[in-house]
Amino acid sequence: MNGKFVFGGEGAKVPGTDFGISFALFKLWFKPTGLDWKGYTTASNQGLLGAAIIETPIVDFVTPDLEDEEPFMNLHNSSVEVNITPTLFAIDGGTATIRITKRNNDGTPNRQISFFSDECKGFSASIGDIHFTATLLQLPDNENDPTGVSFVPF
């Protein structure tokens, strides 16, 4: 299975309080073995301190138990937990790991997949991991294939 993601956001908290503001945009693409690309999006306002625009190239998933791709073939309306671990970087050569956990309400175990990229474009000044829970919505057909498309403006 191949994947790609783009994340853009910024956020801050008032020191010594839980008050703060943040904004984030997230797009994620999966290409299960032998199938077409499917893209998903969500907006989130959780868990970001700092600023980041991170775009990965197309990479292979590294989760060792991903022999069963079935739970990730269609994620429209799925509830997921997203954890992005970036390094501080500017322009090119940043590293990021993303972990996506598909949450289930039917008693079956939650499934997790992850991948790592050391060729991220954009910049990251985030402090710690970027973590949020969201419902994924499928992108329109004309946005489902991320090959040859870049979202970072520089």
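Use the structure listed above.
What this report covers is the structure whose coordinates are included nearby. (Residues numbered from 1 in each chain as written. Predicted model: local features only at pLDDT ≥ 70, side-chain atom pairs only at ≥ 80, totals over all residues. Heavy atoms only, no water.)

Attention shifts here to the side chain of Asn144. Inspection of the secondary structure assignment puts Asn144 in the segment after β10 (137-138). Given a relative accessible area of 9%, Asn144 falls into the buried group. Engagement of the side chain of Asn144 in a polar contact is seen with the backbone nitrogen of Gly39, the distance being 2.8 Å. Beyond its immediate stretch of four places on either side in the chain, Asn144 contacts Trp29, Trp37, Lys38, Gly39, Gln138 and Leu139. (Helix = DSSP H or I, 4+ residues; strand = E, 2+ residues; numbered from the N terminus. Buried < 20%, exposed > 50% of the residue type's maximum accessible area, 1.4 Å probe, protein only. Polar contact = N/O pair within 3.5 Å; in protein donor to acceptor, adjacent residues only side chain to side chain. Contact = heavy atoms within 4.5 Å.)

Applying the stated rule across the entire model yields 4 salt bridges. Among the salt bridges present, the one from Lys4 reaches Glu55, with a minimum N-O distance of 3.0 Å. With Lys4 in strand β1 (residues 2-13) and Glu55 in strand β4 (residues 50-55), the pair connects residues that are 51 residues apart, well separated along the chain. Take Lys4: its relative accessible area is 4%, and that puts it in the buried class. In this structure Glu55 comes out as buried when scored by relative accessible area, which is 2%. One salt bridge in this structure joins Glu143 and Lys27, with 2.9 Å as the shortest N-O distance. Here Lys27 lies in strand β2 (residues 20-31) and Glu143 lies in the segment after β10, a separation of 116 residues in the sequence. Given the relative accessible area of 29%, Glu143 is considered partly exposed. (Salt bridge = Lys/Arg side-chain N within 4 Å of Asp/Glu carboxyl O.)

What follows covers the environment of Thr147. Along the chain, the position of Thr147 falls in the segment after β10. Assessed through its relative accessible area of 38%, Thr147 is described here as partly exposed. In this structure the C-alpha to C-alpha distance between Thr147 and Pro57, which are 90 residues apart in sequence, comes to 8.7 Å. In this view, Thr147 contacts Trp37 and Ile58; residues no more than four positions away in its chain are not counted.

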